[in-house]
Amino acid sequence: MKDSQPKTIYLKDYQVPDYLVDTTKLHFELEPKATLVKSRLSIRRNPQAGAGLPPLVLDGVELELLSVAVDGVPLSAEDYQVLPEGLSIPVSKAEFLLEIQNRINPEDNTSLEGLYLSNDMYCTQCEAEGFRKITFYPDRPDVMSKFTTTIVAPMDHPVLLSNGNEIERGRSEDGRQFVTWEDPFAKPAYLFALVAGDLEQVEDSFTTASGRNVKLQIFTEAKNIGKCDHAMRSLKNAMRWDEEVYGREYDLDIFMVVAVDHFNMGAMENKGLNIFNSACVLASPETATDTAFQRIESIVGHEYFHNWSGNRVTCRDWFQLSLKEGFTVFRDAEFSADLNSRAVKRIEDVSLLRTTQFAEDAGPMAHPIRPDSYIEISNFYTLTIYEKGAEVVRMIHTLLGAEGFRKGSDLYFERHDGCAVTCEDFVKAMEDANQVDLQQFRRWYSQAGTPVLDVTDSFDQSEGIYRLTIRQSCLPSPGQTEKLPFHIPVRVGLLGNDGTDLALNEQGDTEIVLQLKETEQVFEFSGLAEKPLPSLLRGFSAPVKVRYNYSNEQLLFLMRKDADTFNRWDASQRLALNALCDLQAAFRKGEALKVQPSLINAYREVLQDTDLDPALVAEILQLPSEQFVAEESVAVDAEAIIVAREFVRKAIAVELFAEFRKRYLELNLSKPYSPNAIDIAQRRLKNTCLSYMCVTETEEALELAKSQFEVAANMTDSAAALAVIINYGEDRLAEDSISQFYQRWESDTQVVELWLSQQSCSPKRGTLENIIALMQHPAFEMKNPNKVRSVIGGFANRNFKQFHKSDGSGFEFVADQVLALDKLNPQIAARLVIPITRWKKYSGDLAEKMRGALQRVSDSGELSKDLFEVVSKSLL
């Protein structure tokens, strides 16, 4: 560990910037190891910062400083101070022109922050604090400037891109080319972007609601040019949707997207020039699964929506990150729901939240959606900020209604266009537009943790009054031992004995939103002739856990009858979870394992219901994942979870084999691929049936899988067949299929990443020995985050069985890789260590072995700020 610990930054210490930058002119002369960067900054004293002229302090990391000049006068080394991570320059007047020249080394920049090389392409990633790796600058989001950028490069990099509109192009005296871009909108440095390479493009156009014509371009390497059509369609759909739902038009003459193989995140919303991880933008039926098509649609929408919720209105400081990310995730979720199955989209989002974000809320890095402090801001690009942040925005939408929420968002954009603002500004706009009080609701922004609702009920037969008593609580989290009551919207319905929704008030509403504000509240419903069965938290109206003592019979009833599709699915999950908990207990006692026939029959009914959305059927048939069962456990017993889940899955597969086979054959149709919602739903259910059949490891099932693998005309079916062959096929068949798949697709980067992931995630073939072998494969590259996520991340996060081997070897392996990665890419290392930070959740020897691996990381020597923060907090 470092001798002096990295500094903690606190929200309470925020101060406005001392100086503002009105214009920023950048000049790049690109060379792999020695790129020259020249900056001309028009700087003035911030009138809000007080009197006097303090030194100008600029951020800068890993820069070779060449020269500094103020108003054209060069400064000597004695005229300024070089800081460990920046530059301090004395100031003598309130306005001046600052010119700086420095060199950077893109080729050796393995952190993938700032300017770096991906293959032979120059590209940037500046959020959150990457711009300081390009040049000295006040690298904070509340310093907004108008950028003009000139890029000079050799002719073998013909495509030169930056933010805004191209204003000049030509040849330099030495035979190189140059292009100048001008962005008319002020922006913080984190939204700066530059791309240079030998790229091809797909071009289209979009006519805005006001009649403006916008040029749309997607750039990629020549080999991928045929994989851009879906992203282009998604972009045009997003532009139209944002106009129709939020009244937001695009504001530049051109919108560009670039696909990059080496990227730490999914994509980046740089103004007018979005840079995408190739896996999140490139797709064709032959090379991308349905999941990839839907993910691309969502991410393209997300980054486009940032043009308003993130770019035109940005965040004042990084503590406000959820201001732009939570709001935009909510927007992209609604976009995807409108274009696909709303019910299934909601289920997918909540599954991620309850499995992973709830675990984050209960872990050592728990934080509110507006954190109070951080050491390294990159560690707070979390599911809490994004997904829980979106749920908080969704609750505001639920409380205000669609019309009220639109009024609030209109006022927010009108008030703060061109400004850097806070979460408080967003909530205040919602309040003012609707004349409501959201003071208590603000606690969602400042309190961490997942609230728990304990629900009891009673029925007074003589008066016909049904009472629901709801008590809320929230466990302590780091730095917050006591929590004040949240303002929680709880959407409910009441089912009668025949399964129909009962009227809840005089207006005849069959579903209402209860507003829980106190620690305990009682809600009364009158005029009822029978005791109803409550359908609680419909649509998952708040990111909370609900405890109500449902019997298995009541869960079966909800699974069959509930009008709310989310709660119908949730009842199936609760029913399965109960069975898994009972089996874990039996396993620990050494008792015989048995699955109740009622559970099997429930799945049979769902499987045979041809009126249900096939995608919903597939979701209901999925057992809770090992990770979710672990999250629901007081103390994780990994072996018991694995045994119980495998036993239930095998029992369902054996008992319902005929039904799975029938439904599979009905859906196994030969027709052209389309990523539309209906076809995706049918393929999802078909491949769910195939997976269950292959659990039996019968010759008939594996022949069906082999046949599908051989004749599949799309990647969804091919990958699904390969997955079950890997997991359930005999070794020779699995090895031949793995080899055949790779030989066909070895030149396609995204398919190879899928191929690596399927092996690393396999509970059968993803052994530590095979993971180490995959890392020696020519397709693996430690400097490529996608490859690391596919192999090491797949093993640690999605291969529950092999990662939790009783000898602790999985934990030690992850610790080794984290230490190696920390020298290359600290962001990825800090994210990869997360699975071994949850040691307090486990029982027995596994907890000690996990903690030991984490302690070894801590004791290894000097760690990056990213890794230090996660490890040190996890060992407290």
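Up top is the structure.
Here is a short report on the structure shown in this document. In this text the structure is predicted, and so the values were computed from the model without any measurement.

Attention shifts here to the overall build of the chain. Scanning the chain from N- to C-terminus turns up 26 helices and 31 strands. Computed over C-alpha atoms, the radius of gyration of the chain comes to 28 Å, within 12% of the 29 Å expected from 2.2 N^0.38 for 876 residues, which places it in the range of a compact globule. Its C-alpha atoms give the chain principal-axis dimensions of roughly 85 × 65 × 60 Å. At a minimum sequence separation of 6, the contacts of the chain that also span at least 24 residues come to 71%. By element, 48% of the accessible surface of the chain is carried by carbon and sulfur atoms, the whole surface being about 34,000 Å². Counting 94 positive and 130 negative side-chain charges, the chain places the centres of these two groups 1 Å from one another.

Glancing now at the pairing of strand E14 (residues 165-171). The sheet contact formed by E14 and strand E15 (residues 177-182) spans six bridges and is antiparallel. If you follow asparagine 165 over to E15, its bridge partner there is glutamate 182. Connecting E14 to the next strand, E15, in antiparallel fashion are five residues, including glycine 175 with a positive phi near 90°.

Side chains of nonpolar character tend, in soluble globular proteins, to be buried together. If you look at the biggest cluster of nonpolar residues, it comprises 284 residues, and the most contacted ones within it are Leu98, Phe426, Phe525, Tyr603 and Ile836. By residue number, the principal contributor to this core is helix H5 (residues 383-416), which donates 13 residues.

The angle between the axes and the distance between the axes are what describe a pair of packed helices. Where helix H17 (residues 715-728) contacts helix H18 (residues 731-745), the two axes come as close as 9 Å, and the packing angle between them is 150°. Taken as axis vectors, H17 and H18 run roughly antiparallel relative to one another. The handedness of the crossing between H17 and H18 comes out as left-handed. Contacts between H17 and H18 pair Met715, Ser718, Leu722, Ile725 and Ile726 from the former with Leu733, Ala734, Ser737, Ile738, Phe741 and Trp745 from the latter. For the contact of H17 with H18, the class distribution of residues is nine nonpolar, two polar and no charged.

Residues Asp120, Asp156, Asp198 and Glu200 make up a contiguous surface patch of negative charge. Topologically, aspartate 120 is positioned in the loop between strand E10 (114-118) and strand E11 (121-125). Residue aspartate 120 is classed as exposed on the basis of its relative accessible area of 62%.

Both strand E25 (residues 452-460) and strand E26 (residues 465-473) contribute to a ladder of nine bridges, which runs antiparallel. Pairing of aspartate 454 across the sheet is with arginine 471, part of E26. Once E25 ends, the chain turns through four residues before running back antiparallel as E26, passing glycine 464 with a positive phi of about 65°. With six bridges connecting them, E26 and strand E29 (residues 520-525) associate as antiparallel partners. Bridged to isoleucine 470 within E29 is glutamine 521.

Our next topic: the sheet that holds E26. With respect to topology, four strands assemble into an open sheet ordered E29-E26-E25-E31, the strand pairing being mixed. Of all strands in the sheet, those with a lone pairing partner are E29 and strand E31 (545-547), marking the two edges. Strand-to-strand twist in this sheet, taken as the mean axis angle between neighbours without regard to direction, amounts to 25°.

Turning to the sheet that holds E10, a few remarks are in order. Strand order in the open sheet made by the four strands is E10-E11-E16-E13, with antiparallel pairing throughout. With one partner strand each, in any of the chains shown, E10 and strand E13 (159-162) form the two edges of the open sheet. Averaged over all adjacent pairs, the angle separating strand axes in this sheet is 20°, with direction ignored. Inspection of the sheet shows E11 paired to strand E16 (residues 194-197) by two bridges, in the antiparallel sense. Opposite cysteine 123, over in E16, you have valine 195 as the bridge partner.

For the coordinates displayed, the defined rule picks out 40 aromatic pairs. Measuring from centroid to centroid gives 4.9 Å for phenylalanine 319 and tyrosine 374, while their planes differ by 40°, and the two rings are tilted. With phenylalanine 319 in the loop between strand E22 (313-315) and helix H3 (321-339) and tyrosine 374 in strand E23 (residues 373-374), this residue pair connects regions lying 55 residues apart in the sequence. The residues phenylalanine 319 and tyrosine 374 share a single accessibility class, namely buried. The cationic tip of arginine 45 hangs over the ring face of tyrosine 19; the distance from NZ or CZ to the ring centre is 5.5 Å.

For the rest of this paragraph, the subject is the environment of aspartate 637. Mapped onto the elements, aspartate 637 comes out in the loop between helix H12 (626-632) and helix H13 (638-655). Taking the C-alpha atoms as reference points, aspartate 637 and methionine 775, separated by 138 residues in sequence, lie 29 Å from one another. Aside from chain neighbours lying at most four places away, what touches aspartate 637 is Gln584, Arg588 and Ser843.

What the rule picks out here adds up to 73 salt bridges. For aspartate 22, the salt bridge identified is with arginine 44, shortest N-O distance 2.8 Å. In this pair, aspartate 22 sits in strand E2 (residues 19-29) while arginine 44 sits in strand E3 (residues 35-45), placing the two residues 22 residues apart along the sequence. According to the relative accessible area criterion, arginine 44 is partly exposed, its value standing at 27%. The closest approach of N and O atoms between aspartate 349 and lysine 345, which form a salt bridge, is 3.1 Å. One end of the pair, aspartate 349, and the other, lysine 345, are both in helix H4 (residues 342-361), four residues apart, so they sit about a helical turn from each other. Grouping residues by exposure puts aspartate 349 and lysine 345 together as buried. Via salt bridges that share partners, Arg491, Asp501, Glu511, Arg538 and Asp562 belong to a single interconnected network.

Definitions and limits used
- Residues numbered from 1 in each chain as written.
- Predicted model: local features only at pLDDT ≥ 70, side-chain atom pairs only at ≥ 80, totals over all residues.
- Heavy atoms only, no water.
- Helix = DSSP H or I, 4+ residues; strand = E, 2+ residues; numbered from the N terminus.
- Rg over C-alpha atoms; globule rule 2.2 N^0.38 Å.
- Contact = heavy atoms within 4.5 Å.
- Areas by Shrake-Rupley, 256 points an atom, 1.4 Å probe, with all protein chains shown as cover.
- Lys, Arg positive; Asp, Glu negative; His and termini not counted.
- Charge placed at Lys NZ, Arg CZ, Asp CG, Glu CD.
- Pairing = 2+ DSSP bridges.
- Core = buried A, V, L, I, M, F, W, Y, C linked by side-chain atoms within 4.5 Å.
- Buried < 20%, exposed > 50% of the residue type's maximum accessible area, 1.4 Å probe, protein only.
- Axes fitted to C-alpha atoms, helices over the stretch in contact; angles between N-to-C directions.
- Parallel < 35°, antiparallel > 145°, perpendicular 65-115°, else oblique.
- Left-handed = near helix turned anticlockwise from the far one by under 90°.
- Nonpolar A, V, L, I, M, F, W, Y, C, P; charged D, E, K, R; others polar.
- Patch = residues over 30% accessible without salt bridge, like charges linked within 9 Å, V, L, I, M, F, W, Y side chains within 5 Å.
- Salt bridge = Lys/Arg side-chain N within 4 Å of Asp/Glu carboxyl O.
- Phe/Tyr/Trp six-rings, centres within 6.5 Å; stacked < 30°, edge-to-face > 60°.
- Lys NZ or Arg CZ within 6 Å of the ring centre and 35° of its normal.

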